[in-house]
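Geometric and topological summary
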Number of protein chains: 4
Amino acid sequence: MVTAITHRVNFFDTDAMAVVHHANYIKWFEIGRVDFLRKAGITLTEMMNDGYVFPITNVSAQYISSGQYDDVLLIRTTPVALTKAKMEFSYEIFRDDTDALLVKGYTQNVFTHKDSGKITRLPDKYYIKLQQALK
Amino acid sequence: MVTAITHRVNFFDTDAMAVVHHANYIKWFEIGRVDFLRKAGITLTEMMNDGYVFPITNVSAQYISSGQYDDVLLIRTTPVALTKAKMEFSYEIFRDDTDALLVKGYTQNVFTHKDSGKITRLPDKYYIKLQQALK
Amino acid sequence: MVTAITHRVNFFDTDAMAVVHHANYIKWFEIGRVDFLRKAGITLTEMMNDGYVFPITNVSAQYISSGQYDDVLLIRTTPVALTKAKMEFSYEIFRDDTDALLVKGYTQNVFTHKDSGKITRLPDKYYIKLQQALK
Amino acid sequence: MVTAITHRVNFFDTDAMAVVHHANYIKWFEIGRVDFLRKAGITLTEMMNDGYVFPITNVSAQYISSGQYDDVLLIRTTPVALTKAKMEFSYEIFRDDTDALLVKGYTQNVFTHKDSGKITRLPDKYYIKLQQALK
């Protein structure tokens, strides 16, 4: 499963170079990741209620072309690895009208227990859904 | 007690009009308010550990002149009312080098219990410090 | 014309009180305002290309109830005054599923010339569209 | 030259996991980078007035430990490569009181002309200062 969701660039997403500030794309990877999980049947609210948190451990981004105010961007999210211990995703962000690739990215996150703060393994309840989403 | 703290405008605080995006000043009122409380001997972490949260109920801002990248701003915070039920502050944000007034603002917040979500009254432990800060 | 647009609350929109940070709603008023203008046939890019900027001069917000992660919010934008010299809008932000009112707001902006920085009057090209949108 | 600057974590920097949202560290790399350049005698405002922009082309971050509200962070910035064509920096962000390493990062940026948008080479005026900062 590869998912896609759009985001329109807001004025508040731009900076004084009149383009999207690069830190915003890291947030938009989150929009893609959350959307992927939702479409896989997993909501982060449910995971948090079950006591799981999912801190990001690695992020990288390559910036190819600049996004601008009012651009409609398409965020494409591809699972790289979804295990009981961690999730890895890659991302591509395109201008929706021209298909120009703006940014490529990658994130890794682990799972930890809310109370202990220690790394934990995801229960089957979630893992089965992730495995199905990988097919 | 009136407090002052400086904040240097970051590139990521600007927008495509090459000035500070107006929503940032609302965040900077928070920098002023938190600094005021710290100087009054109150840290929000301690309040949260005691089960209090302090949601904002009203915000207003008047924008007089634009801040720009790399400006050092001075945030002046003045208490308007500090009771057991709510806090009100007014703010003035100046360019530190020219003393030009950029923004005037106001916030009100109440106190609620973390668990019930209901409005509560601040215990004397905090109230006494706030009263001293008003002198 | 009264317009409505939805925004799903992102994880990065929340704060350590596990609710939407209040400054975000000021950004979301912008989403509503820009959407209103787009539906009235006006894009800010076109205005900027024509040399107009539109700094915010006043903002206010009343926070009634907290938004949370993953809430779908409905931003309703109502024009209050649209003249050649300024625009005023009011906003209501609701939870889309329960219709609960979370935030009410107001913004005023003027028009200035990009180069002079001085207040200017909007040409008929834009003003006529704004007048039609007020009907 | 290796530079250090502190940043106190604001409430608005946290998320519903009660830690700093990971995207903020990408912004704080910018605080470190801009501070490095300032200490090397270079201000971005001057570069922009000369027609240079400096888009980020690569970012990466490894998250080791979580920052929390009110932590004073120390951002240490180390130049990796400073040529006429690009700048590369590495970053380490520590808790200032415990020296705990929270985040390691890396950025690369190129130089482009404001008008053409094309990659350009930095003039000696800036390059000489960068070379001195590398010593």
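About the thresholds
- Residues numbered from 1 in each chain as written.
- Chains lettered and ligands numbered in written order.
- Predicted model: local features only at pLDDT ≥ 70, side-chain atom pairs only at ≥ 80, totals over all residues.
- Heavy atoms only, no water.
- Salt bridge = Lys/Arg side-chain N within 4 Å of Asp/Glu carboxyl O.
- Helix = DSSP H or I, 4+ residues; strand = E, 2+ residues; numbered from the N terminus.
- Buried < 20%, exposed > 50% of the residue type's maximum accessible area, 1.4 Å probe, protein only.
- Phe/Tyr/Trp six-rings, centres within 6.5 Å; stacked < 30°, edge-to-face > 60°.
- Pairing = 2+ DSSP bridges.
- Contact = heavy atoms within 4.5 Å.
- Buried area = accessible area lost by both parts, 1.4 Å probe.
- Polar contact = N/O pair within 3.5 Å; in protein donor to acceptor, adjacent residues only side chain to side chain.
- Axes fitted to C-alpha atoms, helices over the stretch in contact; angles between N-to-C directions.
- Parallel < 35°, antiparallel > 145°, perpendicular 65-115°, else oblique.
- Nonpolar A, V, L, I, M, F, W, Y, C, P; charged D, E, K, R; others polar.
- Least-squares fit on C-alpha atoms with pLDDT ≥ 70 in both.

With that settled, the discussion passes to the pattern of salt bridges. A complete count under the given rule lists 48 salt bridges over all chains for this structure. Of the charged contacts in the structure, one is a salt bridge between Asp70 of chain A and Arg38 of chain C, with a shortest N-O distance of 2.9 Å. Here Arg38 of chain C lies in helix H1 (residues 23–39) and Asp70 of chain A lies in the loop between strand E3 (56–63) and strand E4 (72–82), a pairing that spans two chains. Residue classification places Asp70 of chain A among the buried positions, given a relative accessible area of 18%. Residue Arg38 of chain C is classed as partly exposed on the basis of its relative accessible area of 25%. The closest approach of N and O atoms between Arg8 of chain B and Asp70 of chain B, which form a salt bridge, is 3.2 Å. On the criterion of sequence distance, the pair formed by Arg8 of chain B in strand E1 (residues 3–8) and Asp70 of chain B in the loop between strand E3 (56–63) and strand E4 (72–82) is long-range, its members being 62 residues apart. Three or more residues joined by partner-sharing salt bridges are found here, namely Arg8 and Asp70 of chain A together with Asp35, Arg38 and Lys39 of chain C.

A few words on the packing of aromatic side chains. For the structure shown, the criterion picks out 32 aromatic pairs over all chains. Taking 6.4 Å as the distance between ring centres and 40° as the angle between the ring planes, the aromatic pair formed by Phe89 of chain A and Tyr91 of chain A counts as tilted. Taken as a pair, Phe89 of chain A and Tyr91 of chain A share a single burial class, namely buried. Relative to Tyr69 of chain D, the ring of Phe11 of chain D has its centre 5.3 Å away and its plane inclined at 75°; by these criteria the two rings are edge-to-face. Here Tyr69 of chain D lies in the loop between strand E3 (56–63) and strand E4 (72–82) and Phe11 of chain D lies in the loop between strand E1 (3–8) and helix H1 (23–39), a separation of 58 residues in the sequence. Residue Phe11 of chain D is classed as buried on the basis of its relative accessible area of 3%.

With that settled, consider the pairing of strand E3 (residues 56–63) of chain C. For E3 of chain B and E3 of chain C, the ladder comprises 5 bridges, and the chain directions are antiparallel. By the bridge assignment for E3 of chain C, Asn58 of chain B is matched with Gln62 of chain C. As paired strands, E3 of chain C and strand E6 (residues 101–110) of chain C are joined by 7 bridges and run antiparallel to one another. Across the sheet, Asn58 of chain C pairs through a bridge with Gln108 of chain C, a residue of E6 of chain C.

On the chain C side, the residues contacting the 14 residues of chain A number 14 residues. Between chain A and chain C lies a buried interface of about 1500 Å² when both sides are counted; carbon and sulfur atoms form 59% of it. Taken as a group, Phe11, Phe12 and Tyr69 of chain A account for 36% of the area that chain A buries against chain C, more than any other trio of residues on that side. The tally of links from chain A across to chain C stands at 2 salt bridges. Our enumeration of links across chain A and chain C arrives at 6 residue pairs in polar contact (both at pLDDT 80 or more). Those elements that provide at least two residues to the side of chain A that touches chain C are helix H1 (23–39) and helix H2 (44–49) of chain A. For the side of chain A that touches chain C, the element with the highest residue contribution is H1 of chain A, accounting for 5 residues.

Two numbers describe how helix H1 (residues 23–39) of chain B lies on H1 of chain C: the axes approach to 8 Å, and their chain directions differ by 170°. When the interaxial angle is binned, H1 of chain B and H1 of chain C end up roughly antiparallel. Note on element contacts: H1 of chain C touches H1 of chain B through Ala23, Ile26 and Lys27 of chain C, opposite Ala23, Ile26 and Lys27 of chain B. Here the contact of H1 of chain B with H1 of chain C is built from residues that sort into 4 nonpolar, no polar and 2 charged.

It is worth spelling out the relation of the copies chain A and chain C at this point. Each copy superposes on the other: chain A lies on chain C with an RMSD of 0.0 Å after a rotation of 180° and an axial shift of 0.0 Å. Such a combination of turn and shift is consistent with a two-fold rotation axis. For chain A, the residue whose C-alpha comes nearest the rotation axis is His7 of chain A, separated from it by 5.1 Å. Residue by residue, 100% of the interface of chain A is reproduced at the interface of chain C, so both copies engage with the same surface.

So, on to the relation of the copies chain A and chain D. Relative to chain D, chain A is turned by 180° and slid 0.0 Å along the rotation axis, the superposed coordinates differing by an RMSD of 0.0 Å. In this assembly, 100% of the residues forming the interface of chain A have copies in chain D that are likewise at the interface, indicating an isologous arrangement.

This part takes up the side chain of His7 of chain B. All names here are of chain B. Along the polypeptide, His7 turns up in strand E1. Residue His7 is classed as buried on the basis of its relative accessible area of 15%. Polar contacts involving the side chain of His7 include one to the side chain of Trp28, which spans 3.4 Å. Apart from residues no more than four positions distant in its own chain, His7 is found in contact with Asp13, Trp28, Ile31, Asp71, Val72, Leu73 and Ile75.

Looking now at the interface of chain A and chain D. How large an interface is tends to be reported as the accessible area lost when its parts come together. At the interface, 20 residues of chain A touch 20 residues of chain D. Each partner contributes to the roughly 1700 Å² buried at the junction of chain A and chain D, and carbon and sulfur atoms together form 65% of this total. The largest contributions to the chain A side of the interface with chain D come from Met17, His22 and Tyr63 of chain A, which together make up 29% of the buried area. Summed over the shared surface of chain A and chain D, the number is 0 salt bridges.

Read these as spatial facts, not as claims about activity.
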